[in-house]
Amino acid sequence: METANTLVLRVDGMSCASCVGRVEKALSAMPGVQEAQVNLATETARIRHDGTVTAAALTDTLDTAGYPARTLDTVLEVADMTCASCVGRVEKALNALPGVTLAQVNLATGRAAVRYVDGTVTPTQIAATATRAGYPAKVHAAGQADDTTTRKEEEAADLRRSVLLSAALALPVFVLEMGGHMIPAFHMWVHNTIGTQTSWVIQFVLTTLVLIGPGRMFYAKGIPALLRAAPDMNSLVAVGTLAAYAYSVIATFLPHLLPEAVRAVYFEAAAVIVVLILIGRWLEARAKGRTGAAIQTLLGLQARTANVERDGVIMELAIDDIRAGDILVVRPGERVAVDGEIVDGNSHVDESMITGEPVPVTKGTGDIVTGGTVNGTGGFRFRATRVGGDTTLAQIIRMVEEAQGARLPIQGLVNRITLWFVPAIMGIAALTVLAWLLLAPAPALTYALVAGVSVLIIACPCAMGLATPTSIMVGTGRAAELGVLFRKGDALQELCEVEVVALDKTGTVTEGRPELTDLILADGFERAEVLALVAAVEERSEHPIGQAIVRAAQSEGVARHEVSDFTAIAGYGVRAQVAGRSVLVGADRLMSRDGIDTGALAQLETSLAQSGRSALFAAIDGRIAAVIGVADPVKPSSAAAIAALRAQGLQVAMITGDKRETADAIAAELGIDHVIAGVLPDGKVAAINTLRTGGRKVAFVGDGINDAPALAHADVGIAIGTGTDVAIESAHVVLMSGDLRGVVNAFAVSRATMRNIRQNLFWAFGYNTALIPVAAGVLYPAFGVLLSPVLAAGAMALSSVFVLSNALRLRRVRAQMDEGDQPRPPMRDAKAAPVAAE
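These figures come from a predicted structure and were not determined experimentally.

Novice: Could you give an account of the overall build of the protein, naming the residues involved and the relevant values?
Specialist: Looking only at helices and strands, the protein has 31 helices and 28 strands in total. Surface accessibility of the protein: about 35400 Å² in total, with carbon and sulfur atoms responsible for 57%.

Structure, rendered in structure tokens:
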């Protein structure tokens, strides 16, 4: 049975007894491990330790040994978190749970993403741990984004009712007390009619109703947290308002306990503080609901039902009932339900939700359609290929959700600071009270109370906790609307630090669909013969240049031949037997390797390369037969996008397997700064390292399978969305269209978001740093200014509202480039974002 100091891990990759030995040896060598027993049959490792060993350390050791522990992920919905210190406490509790390797909590979304070792703990137990820490949690069920929105709306509605009730009760209290201070005649009227004592009793009754009614949440959460020695924002509010309330109760009902000079009530401070903080939370809840607008927009693109043809009958089925292989019927104007391939019919489909391009795309038999896109005036039938969570739209929603819950490096520092911030503030408040009691003139007790309560209220770290996650939510959501998906949260911050953008040429800078432009023959060879043989070989190749040759052969109607012994030589070319003849097609280095003399065609090949064409040779039966020129047209938007990147102060490089002459011709046309040519597929990683010279950070943009290592190796990998799944999975950022303008927009959104985060953090930390001394009374000796607790509560609420409002401005970010593909001039740093606002 598992005990507190025993962990059972599920281990992958073990296949024999020697594997068991290696795993046991690696685990036993860890400090603190007393015994490690590995079972090959159950694929588990039982580790007994002295209590100092964590699951994270064990999984790291197993990863290093080459036998990774099996880990799972879960997401919790966490309630009652109000500030950054709450985030720190939940994370601390979850990370301390045996079996949990990583826990990240997001205040803006109210969720905790937890990674744990399979078999050591369950999601329910993880949720119970957060609940025991004082923050009720439940496991989030996948696909319940709508429930989250409903929860936020209900929270905002509840807070609105609390605000209205508390304001109605607090208004008479404020008028009775502050009205008398501001208008002496009103004070005399109250004194001569109902009397001061009666006025105080009325204030007591109304304030008590405020505190035990709408304000009860602060005490129900803050006092237990204080007793656990883990005070949070609610604790600050609870202690501050209770201090003002208790002092006022004593002055009202036990006045003989206080010197006559300090007999005063502060019921209005306690009541109005609760009202103002509730107003702040209400505005926060409304703003938090708007931060998830991008997710709701994407969810709105999902079809709810579809017409499915089964057994010759067309029936309307719910989207969840559609299976891969089903035939779906799409009528004019309908939304495509799932991803699939058209089997008959044709139409124009609006794919702007995926590509951002407003012009509908012509679709016919064999073409791919994407769920969420809108059919035009035609009709078609298609076979479902990806359904449920596998559809492109579902994957986009999942990526956006993950990006919105991401933790940037800067947020970790914020959370570490705020974890200790509340206890420090309570200490400062205690010192403030003591200093006033010892040093202040009469009535010192009143001054001490006012200053102490003001310090407690004004220092609530709500704004600190919201500063980063709200900007991330809004920024990544807006990026998704612009066709930019941040798959990995760090990319949002790292993209701002990039100095060099490296572009793969084929399919990224160019169309990726080259066309045959030249076929120059050696003596003794016929065009139809050579084209037929070369096309037969290239038909087996997936390289775009080979496909261009095949298309040319098909258009010219040359003979077709059977192919045998086909071999692809990475980075060189291809070889095969065609109609009994040996055919070799590839770069000059392939001819040199096989000892084939290119003769007079060598100069022609150089000329073709200098003119921007990709040039390759064909050899038949060991003799050079032809030099082939293929041009891959540059995408219409590439030049403008590269100009926009350079206008942002970035250097642009191009990495290609083409010869130097071809690459230089394209670079000169587009204004590219650096060219690394003749690079083999496995050389792109080395090329990126070359560009890193001087400590520069590099972003790499690519779309092919052979780009995957470079995308993963770059500081930020950006995959063109029209590329392969492998490339997209390796990238940090995915562009939904195949347009380089998406790269420009990615940089624009990244910089706008990071600038927004810095503004928020500056306000949050600067606000607390500047106003805590003011609340403590540092200005009183020189200017006679002592901050009222009511003003402190208003300022604290305003701080959170400012941070949220500033983050919501990111919703107005729009594309850096206009429809004419012309780069916008970079905006001044004084703006919130280097983009124009709508």
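Novice: Can you tell me about the pattern of salt bridges, naming the residues and giving the values?
Specialist: Overall, the coordinates contain 25 salt bridges when judged by the stated rule. For Glu309, the salt bridge goes to Arg381, with nearest N and O atoms at 3.0 Å. One end of the pair, Glu309, is in strand 8 (residues 305-310); the other, Arg381, is in strand 15 (residues 379-386), and 72 residues separate them in sequence. Its salt-bridge partner being Asp594, residue Arg575 comes within 2.4 Å of it at the nearest N-O pair. Placement of the pair is Arg575 in strand 20 (residues 573-578) and Asp594 in the loop between helix 22 (588-593) and helix 23 (601-610), with a sequence separation of 19 residues. On the basis of relative accessible area, Arg575 is assigned to the partly exposed category, the value being 27%. Take Asp594: its relative accessible area is 29%, and that puts it in the partly exposed class. The structure contains a network of salt bridges with shared partners spanning Glu309, Asp344 and Arg381.

Novice: Tell me about the environment of Ala225, and name the residues and values.
Specialist: Checked against the element boundaries, Ala225 lands in helix 8 (residues 216-227). For the pair formed by Ala225 and Gly134, sequence separation is 91 residues and the distance between their alpha carbons is 7.1 Å. Discounting chain neighbours no more than four positions away, the residues touching Ala225 are Ala230, Pro231, Asp232 and Ser235.

Novice: Now, about unusual backbone geometry: what can you tell me, with residues and values included?
Specialist: Negative phi is the rule for most residues except glycine; trans is the rule for most peptide bonds. At Asp311, a residue that is not glycine, the phi angle is positive and equals roughly 55°. Along the chain, Asp311 turns up in the loop between strand 8 and strand 9 (313-318). Despite not being glycine, Ala579 has its phi angle at roughly 50°, a positive value. Counting through the fold element by element, Ala579 comes out in the loop between strand 20 and strand 21 (581-586).

Novice: Kindly report on the packing of helix 16 (residues 444-458) against helix 29 (residues 741-776), identifying the contributing residues and their values.
Specialist: At a closest axis distance of 8 Å, the pairing of helix 16 and helix 29 adopts a crossing angle of 165°. Viewed along their axes, helix 16 and helix 29 adopt a mutual orientation that is roughly antiparallel. In this structure, the crossing between helix 16 and helix 29 has a hand that is right-handed. Residues Ala451, Ser454, Val455 and Ile458 of helix 16 form the contact with helix 29, whose participating residues are Tyr767, Asn768, Leu771, Ile772, Ala775 and Ala776. Considered class by class, the residues forming the contact of helix 16 with helix 29 number eight nonpolar, two polar and no charged.

Novice: So what's going on with the environment of Asn346? Residues and values would help.
Specialist: Position of Asn346 among the secondary structure elements: in strand 11 (residues 339-350). Taking relative accessible area as the criterion, Asn346 reaches 53% and is therefore assigned exposed. With 19 residues separating them along the chain, Asn346 and Thr365 place their C-alpha atoms 6.8 Å apart. Setting aside its immediate chain neighbours within four residues, Asn346 contacts Lys363, Gly364, Gly378, Gly379 and Phe380.

Novice: Give me the lowdown on the sheet that holds strand 4 (residues 71-78), citing residues and values where you can.
Specialist: Strand order in this open sheet of four strands is 5-6-4-7, and the pairing throughout is antiparallel. Both outer strands of the open sheet, strand 5 (100-106) and strand 7 (137-139), are each paired with one neighbouring strand and no more. Averaged over all pairs of adjacent strands, the angle between strand axes in this sheet comes to 25°, irrespective of strand direction. With seven bridges connecting them, strand 4 and strand 6 (residues 111-117) associate as antiparallel partners.

Novice: Any chance you could break down the UniProt feature "transmembrane region" (unreviewed entry) in the protein for me, citing the residues and the numbers?
Specialist: In the numbering used here, UniProt assigns the "transmembrane region" (unreviewed entry) feature to residues 163-186, 198-215, 236-258, 264-283, 417-439, 445-468, 761-780 and 786-808. Taken end to end, residues 264-283 has its terminal C-alpha atoms 33 Å apart, with 85% of it in helix and 0% in strand. Helix makes up 85% of residues 761-780 and strand 0%, and the two end C-alpha atoms of the span are 28 Å apart.

Novice: Pulling in residues and values, what's your account of a nonpolar patch on the surface?
Specialist: A cluster of nonpolar side chains, namely Val201, Val205, Leu209, Ile212, Ile250, Phe253, Leu254 and Leu257, defines an oily patch on the protein surface of about 640 Å² accessible area. For the nonpolar patch, the secondary-structure elements that each account for two or more residues are helix 7 (196-212) and helix 9 (233-253). With four residues, the top contributor of residues to the nonpolar patch is helix 7. Its location among the elements puts Leu254 in the loop between helix 9 and helix 10 (267-291).

Novice: Kindly report on the packing of helix 3 (residues 84-95) against helix 4 (residues 123-132), identifying the contributing residues and their values.
Specialist: With their axes 9 Å apart at the nearest point, helix 3 and helix 4 run at an angle of 135° to one another. As the angle between them shows, helix 3 and helix 4 are arranged oblique. Helix 3 and helix 4 meet at a crossing whose hand is right-handed. Residues Val90, Ala93 and Leu94 of helix 3 pack against Ile126, Thr129 and Ala130 of helix 4. Of the residues belonging to the contact of helix 3 with helix 4, the class tally is five nonpolar, one polar and no charged.

Novice: Account for the packing of aromatic side chains, with residues named and values stated.
Specialist: Taken as a whole and assessed by the stated rule, the structure comprises nine aromatic pairs. Through a chain of ring-to-ring contacts, three or more aromatic side chains come together here, namely Phe204, Tyr245, Phe253 and Phe267. The positively charged end of Arg589 is found above the aromatic ring belonging to Tyr572, 5.8 Å away from the centroid. Above the face of the Tyr572 ring, Arg593 is positioned so that its terminal group lies 5.4 Å from the ring centre.

Novice: Tell me about the side chain of Thr508, and please be specific about residues and values.
Specialist: Relative to the helices and strands, Thr508 is located in helix 19 (residues 505-509). With a relative accessible area of 0%, Thr508 lands in the buried category. Engagement of the side chain of Thr508 in a polar contact is seen with the backbone oxygen of Asp504, the distance being 3.5 Å. Sequence-distant contacts of Thr508, that is, excluding residues within four places in its chain, are made with Lys635, Ser638, Val701, Gly702, Asp703, Ile720 and Leu740.

Novice: Break down the pairing of strand 22 (residues 614-620) for me, with residues and values.
Specialist: Taken across its seven residues, strand 22 has seven buried, putting it largely inside the fold. Burial along strand 22 is two-sided: the residues Ser614, Leu616, Ala618 and Ile620 and Ala615, Phe617 and Ala619 are all buried. Relative to strand 22, strand 21 runs antiparallel, the two being bridged by four bridges. Note that in strand 22 the partner of Val585 across the bridge is Ala618. Taking the residues between adjacent antiparallel strands as the criterion, strand 22 and strand 23 (residues 623-631) are bridged by two residues, where Asp621 takes a positive phi near 55°.

Novice: Report on the sheet that holds strand 3 (residues 44-49), specifying residues and quantitative values.
Specialist: Here we have three strands laid out as an open sheet, ordered 1-3-2, and antiparallel in their pairing. With one partner strand each, in any of the chains shown, strand 1 (6-10) and strand 2 (33-39) form the two edges of the open sheet. Across the sheet, the mean angle from the axis of one strand to that of its neighbour is 15°, orientation sign disregarded. Bridging between strand 1 and strand 3 involves five bridges; their strand directions are antiparallel. The residue of strand 3 that forms the bridge with Leu9 is Ala45. Those strands touched by helix 2 (residues 55-65) are strand 1, strand 2 and strand 3, and its axis lies near 40° from that of strand 1.

Novice: Got a sec to walk through helix 7? Specific residues and values, please.
Specialist: The terminal C-alpha atoms of helix 7 lie 24 Å apart, and with 17 residues this matches the ideal 24 Å at 1.5 Å per residue to within 8%. All of the buried residues in helix 7 are Ser199, Trp200, Gln203, Leu206, Thr207, Thr208, Val210 and Leu211.

Novice: Please provide a residue-by-residue account of helix 4, values included.
Specialist: Those residues of helix 4 that sit buried are Ile126, Ala127, Thr129 and Ala130. For helix 4, the angular spread of buried residues about the axis comes to 150°, placing them on one side. In helix 4, the exposed positions angled more than 90 degrees off the buried face are occupied by Thr124 and Arg132. Where helix 4 is buried, its residues meet strand 4, helix 3, strand 5, strand 6 and strand 7. At the C-terminal side of helix 4, Gly134 shows a positive phi close to 105°.

Reading the values: the criteria
- Residues numbered from 1 in each chain as written.
- Predicted model: local features only at pLDDT ≥ 70, side-chain atom pairs only at ≥ 80, totals over all residues.
- Heavy atoms only, no water.
- Helix = DSSP H or I, 4+ residues; strand = E, 2+ residues; numbered from the N terminus.
- Areas by Shrake-Rupley, 256 points an atom, 1.4 Å probe, with all protein chains shown as cover.
- Salt bridge = Lys/Arg side-chain N within 4 Å of Asp/Glu carboxyl O.
- Buried < 20%, exposed > 50% of the residue type's maximum accessible area, 1.4 Å probe, protein only.
- Contact = heavy atoms within 4.5 Å.
- Axes fitted to C-alpha atoms, helices over the stretch in contact; angles between N-to-C directions.
- Parallel < 35°, antiparallel > 145°, perpendicular 65-115°, else oblique.
- Left-handed = near helix turned anticlockwise from the far one by under 90°.
- Nonpolar A, V, L, I, M, F, W, Y, C, P; charged D, E, K, R; others polar.
- Pairing = 2+ DSSP bridges.
- UniProt positions renumbered as here; feature names shortened; annotations may be inferred.
- Patch = residues over 30% accessible without salt bridge, like charges linked within 9 Å, V, L, I, M, F, W, Y side chains within 5 Å.
- Phe/Tyr/Trp six-rings, centres within 6.5 Å; stacked < 30°, edge-to-face > 60°.
- Lys NZ or Arg CZ within 6 Å of the ring centre and 35° of its normal.
- Polar contact = N/O pair within 3.5 Å; in protein donor to acceptor, adjacent residues only side chain to side chain.
- Expected span 1.5 Å × (residues − 1).
- Arc of directions from axis to C-beta.

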